[in-house]
Amino acid sequence: MHTTPLFTPIQLGPLTLKNRIVLPPLTRSRSSQPGNIANELMAKYYSQRAGAGFLVTEGTQIEPRGQGYAWTPGIYNAAQIAGWKKVTDAIHREDGVIFAQLWHVGRVSHTSLQPNADAPVAPSAIAADNVKVFIETAPGEGDLADPSTPRALTTSEVEELVRMYAQAAKNALAAGFDGVELHCANGYLVNQFISEHSNQRTDKYGGSLQNRLRFLKEITTAVANVVGKDRVGVRFAPLFESTTETRVYLGLVEADPQHTYISAIKVLEDIGIAYLSLAEADWDNAPDLPEKFYKAVRQTFSGVIMYAGKYSAEKALKVLRAGDGDIFGFGRPFIANPDLAERIQKNLPLNPLDASTMYGGTDVGYVDYPTYAETL
C-alpha cells in the first residue's frame, strides 16, 4: 500500500505536523487520585505515541462539575497543571505537537462525581438516556451507572462557564500545550446546547439554532482570545441517522443534521480557528457520513479538517485523495500500537487491542503494548 501522502507534512496554524496521523482524544482513566492529576505514567503513554504528527489529549475537565467518569484528569488547578507539564515536556522532547482537549460533560454525569453530590448541570433539566457513566464504587474500583437527572444552568452560570473555558485555556498554556481542542461532540455539554433535544431553554442560549449555537460561539471566541485562533480546534460528532447502536453520548441526531452542523461550522469559520475535528460513528456497520456533508464541510471551512472513527490507512488515503480531509485520527489502533505511524508507513501488522484494559487500571494495557521492533 502506497501510504506516502499520509506522511507529507502539513501546517496547522503556526505549527508544522510531520505527518497526517493523529492520536485522537481517548479516555483512559489513569489519572492520579485523589485530585484527577496527570502523572508520569500518562507522560510515558503519550510520549510512546509521539510518532503521530499530532496528538490530542483525552478529554480533560475544565472544572469539577465537568467530570462524568471516574479517574479522568482535570486542568483547573495548580496540581493538575503541573501534572500535565510532565506530559507536554515528554512530547516536546520527541519534537511532538500536542493539544489539550477541554471537556465538560454537562448532564452525562452522576451525583457521586459532582461536588457535594449535587445534580449535574446542563442546558435543561432533561436526563440523558441510553448512556452510562463510570463511577468509583470503592478505591480503585468502578462500575457503570445511569446518569443523574441534571438541573438547568441559569443564564449567569452559562456566562460563567464561558469564563471557565477561557481559564482552562490559560491553564493549558501554563502546562505547556501547543494549543487546545474544544470537545463539542458526543452528547456532552456543548453538544447539549446545540441540540434541539437537550436544549429547551427560553433565554438567549435556547430556542432558535442561532441561539443554540451561541454557547459554542462564545466559548470558542473566548478560548481563541487566550491561545490565538490559530491554535484552536473544535470537535463535533455529527450523526445523520439513528440505529439500534446509536448512543446519546455519540451525539444527538438532529432533525436536519446537515443544516445544524454546517451552520455550526460557519460560526467556527468566521472565528478563524485552525482545525475542525469530525468524529464519525465507530461501531460495527456504522453508517458513513453522507458524501454531500463531506463536500459541504470543505466548502464551508478553510482550515485543516480532521476525521476519525474506525479509520484505516486505506480509508484515510481515500478521504485525503478526494480532498475531503487533511489529517486522520486512529483511536483503538493507537491504543494497542504505540508505533502506529511507523506501522502504517511500512505496512506492518498491528497488535490486537485488549478491550478489558481500556479504562482505568495500571500500566497493563496502557504502556506495555510492544512496538513492532520489540516483537521481533
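Conventions we followed
Residues numbered from 1 in each chain as written. Predicted model: local features only at pLDDT ≥ 70, side-chain atom pairs only at ≥ 80, totals over all residues. Heavy atoms only, no water. Helix = DSSP H or I, 4+ residues; strand = E, 2+ residues; numbered from the N terminus. Rg over C-alpha atoms; globule rule 2.2 N^0.38 Å. Buried < 20%, exposed > 50% of the residue type's maximum accessible area, 1.4 Å probe, protein only. Contact = heavy atoms within 4.5 Å. Areas by Shrake-Rupley, 256 points an atom, 1.4 Å probe, with all protein chains shown as cover. Lys, Arg positive; Asp, Glu negative; His and termini not counted. Charge placed at Lys NZ, Arg CZ, Asp CG, Glu CD. Pairing = 2+ DSSP bridges. Axes fitted to C-alpha atoms, helices over the stretch in contact; angles between N-to-C directions. Arc of directions from axis to C-beta. Polar contact = N/O pair within 3.5 Å; in protein donor to acceptor, adjacent residues only side chain to side chain. 1 Å grid on protein atoms, 1.4 Å probe; cavity = no way out; pocket = protein on both sides within 12 Å on 5 of 7 lines; lining within 4 Å. Points joined across faces, edges and corners; volume = space filled by probe spheres on them. Nonpolar A, V, L, I, M, F, W, Y, C, P; charged D, E, K, R; others polar.

Asks: Is there a simple way to think about the overall build of the chain in this case?
Replies: Tallying secondary structure elements over the chain gives 12 helices and 14 strands in all. On C-alpha atoms alone, the chain measures out to a radius of gyration of 19 Å, which is about the 21 Å that the 2.2 N^0.38 rule sets for 376 residues. With 376 residues in all, the chain has 59% of them scored as buried. Sequence-distant contacts, at least 24 apart, represent 72% of the contacts inside the chain between residues at least 6 apart. Entry remark: accessible area of the chain is about 14,400 Å², with carbon and sulfur atoms responsible for 50%. Computing the positive centroid from 35 side-chain charges and the negative centroid from 41, the chain places the two 4 Å apart.

Asks: Just to check I follow, could you spell out the sheet that holds strand S11 (residues 232–236) for this structure?
Replies: The strands that make up a sheet are held in pairs by hydrogen bonds between backbone atoms, and each pair lies either parallel or antiparallel. Ordered by their spatial adjacency, 8 strands build a closed barrel running S3-S4-S5-S10-S11-S12-S13-S14, and the pairing between neighbours is parallel. Going across the sheet, the axis of each strand differs from the next one's by a mean of 25 degrees, ignoring polarity. In terms of strand pairing, strand S5 (residues 98–103) meets strand S10 (residues 179–183) through 4 bridges, oriented parallel. Bridged to Gln 101 within S10 is Glu 181. In the packing of helix H7 (residues 257–271) onto the sheet, the strands contacted are S11 and strand S12 (275–279), and the crossing angle to S11 comes to about 175 degrees.

Asks: Which parts of the structure should I look at to understand unusual backbone geometry?
Replies: Leave glycine aside and you will find that most residues have negative phi; peptide bonds, for their part, are mostly trans. That bond from Gln 33 to Pro 34 is cis: its omega, -10 degrees, falls within 30 degrees of zero. Along the chain, Pro 34 falls in the loop between strand S3 (21–23) and helix H1 (40–48). The backbone of Ser 29 shows a phi angle near 55 degrees, a positive value even though the residue is not glycine. Along the chain, the position of Ser 29 falls in the loop between S3 and H1.

Asks: Honestly, the environment of Gln 345 in this entry has me stumped. Any pointers?
Replies: Structurally, the position occupied by Gln 345 is in helix H11 (residues 340–346). By relative accessible area, Gln 345 is classed as partly exposed at 45%. Put simply, Gln 345 and Thr 4 are 341 residues apart on the chain and 7.3 Å apart in space, counted from C-alpha to C-alpha. Residues within four places of Gln 345 in sequence aside, it is in contact with Thr 3 and Phe 7.

Asks: For this particular structure, what's the right way to read H1?
Replies: Three- or four-residue spacings in an α-helix give side chains the same orientation, since the helix completes a turn every 3.6 residues. Listed in full, the buried residues belonging to H1 are Met 42, Ala 43, Tyr 45 and Tyr 46. Down the axis of H1, the buried set is contained in an arc of 160 degrees. They therefore lie on one face. Tucked inside the fold, the buried residues of H1 contact S3, strand S4 (54–61), helix H2 (78–93), S5 and helix H10 (331–336). Two or three places before Leu 41, at the opening of H1, Asn 39 has a side-chain oxygen 3.2 Å from that residue's backbone nitrogen.

Asks: Please clarify how empty space enclosed by the protein should be interpreted in this entry.
Replies: Empty space among the atoms becomes apparent when a probe as large as a water molecule is rolled across them. Considering all chains together, one arrives at 1 cavity of 30 Å³ or more under this definition. For the largest cavity, the calculated volume is near 40 Å³. Taken together, Pro 238, Leu 239, Phe 240, Glu 280, Ala 281, Pro 287, Asp 288 and Leu 289 make up the lining of the largest cavity. Broken down by class, the residue content of the lining of the largest cavity amounts to 6 nonpolar, no polar and 2 charged.

Asks: Help me out: how do you make sense of helix H9 (residues 313–321) in this one?
Replies: Regarding H9, the residues found buried are Ala 313, Ala 316, Leu 317, Val 319 and Leu 320. Summarising the axial view, the buried residues of H9 lie within an arc of 165 degrees, below the 170-degree limit, and thus occupy one face. In H9, those exposed residues whose orientation departs by more than 90 degrees from the buried face are Lys 318 and Arg 321.

Asks: Explanation requested: the environment of Thr 362 in the structure shown.
Replies: Structurally, the position occupied by Thr 362 is in the loop between H11 and helix H12 (372–375). Residue classification places Thr 362 among the partly exposed residues on the basis of a relative accessible area of 46%. For the pair Thr 362 and Thr 149, spaced 213 residues apart in sequence, the C-alpha separation works out to 32 Å. For Thr 362, the residues in contact, after removing those within four places along its chain, are Arg 30 and Leu 41. Among the polar contacts made by the side chain of Thr 362, one reaches the main-chain amide nitrogen of Val 364 at a distance of 3.2 Å.

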